[in-house]
Amino acid sequence: MKTREEILAYGLTFQDTYVDKPFHDDNWVLVRCTKNKKAFVWTYEYEGTLRVNVKVDPQWRDFWRQTYDAVIPGYHQNKEHWNTIILNGSIPEDDIKRMIAESYDLILHKKS
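Residues numbered from 1 in each chain as written. Predicted model: local features only at pLDDT ≥ 70, side-chain atom pairs only at ≥ 80, totals over all residues. Heavy atoms only, no water.

Participant: What should I look at first to understand the packing of aromatic side chains in this one?
Facilitator: Centre-to-centre distance and the angle between the planes together describe a pair of aromatic rings. Taken as a whole and judged by the stated rule, the model has 16 aromatic pairs. Their ring planes at 25° and their centres at 5.5 Å tell us that Tyr44 and Tyr75 sit as a pair that is stacked. Here the residue Tyr44 occupies a position in strand 3 (residues 39–46), and Tyr75 occupies one in the loop between strand 5 (71–73) and strand 6 (82–86), the gap between them amounting to 31 residues. Residue Tyr44 is classed as buried on the basis of its relative accessible area of 1%. (Phe/Tyr/Trp six-rings, centres within 6.5 Å; stacked < 30°, edge-to-face > 60°. Helix = DSSP H or I, 4+ residues; strand = E, 2+ residues; numbered from the N terminus. Buried < 20%, exposed > 50% of the residue type's maximum accessible area, 1.4 Å probe, protein only.)

Participant: Help me understand the sheet that holds strand 4 (residues 49–55) in this model?
Facilitator: Whether parallel or antiparallel, the strands of a sheet pair through hydrogen bonds between backbone atoms. Taken in spatial order, the six strands of this open sheet run 1-2-3-4-6-5, and their pairing is antiparallel. Each edge of the open sheet carries a strand with a single partner, namely strand 1 (17–20) and strand 5. Averaged over all pairs of adjacent strands, the angle between strand axes in this sheet comes to 25°, irrespective of strand direction. Note: strand 5 against strand 6, three bridges, orientation antiparallel. For Pro73, the partnering residue across the bridge sits in strand 6 and is Asn83. Here helix 1 (residues 4–11) sits on the sheet in contact with strand 1, strand 2 (29–33), strand 3 and strand 4, set at roughly 175° to strand 3. (Pairing = 2+ DSSP bridges. Axes fitted to C-alpha atoms, helices over the stretch in contact; angles between N-to-C directions. Contact = heavy atoms within 4.5 Å.)

Participant: I'm lost on the nonpolar core in this one. Help?
Facilitator: Nonpolar side chains in soluble globular proteins generally cluster together in the buried interior. One finds Ile7, Phe40, Ile85, Ile91, Ile96 and Ile100 to be the most contacted residues of the largest nonpolar core, which totals 28 residues. Of all the secondary structure elements, the ones that give two or more residues to this core are helix 1, strand 2, strand 3, strand 4, strand 6 and helix 3 (93–108). With six residues, helix 3 is the single largest residue contributor to this core. The next biggest cluster of nonpolar side chains, apart from the first, holds six residues, and it includes Trp28, Trp42, Tyr44 and Trp82. (Core = buried A, V, L, I, M, F, W, Y, C linked by side-chain atoms within 4.5 Å.)

As structure tokens, then:
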């Protein structure tokens, strides 16, 4: 996964999801859950690379950060519960998809 379109398309494969631009800024495009309006994928470009913020279980947070240099604490979000994935080609697609799926699972059960 290298493009915003691929990330957004994958995010939309999950049940009851939609794309949102809450900041009226084309740089920030999110995928949210219809039921509770919670975002589980945040896409944006920063310092010349596409990045994706995903919610993360604190038990897995450090695993992902230690496994990949391109996974860092969540940019502009709670560093305990969010990771940023820098899409620079260093993370296998299956792991990117796994992080997005875990993010969806975490927000799905959160009340609005």
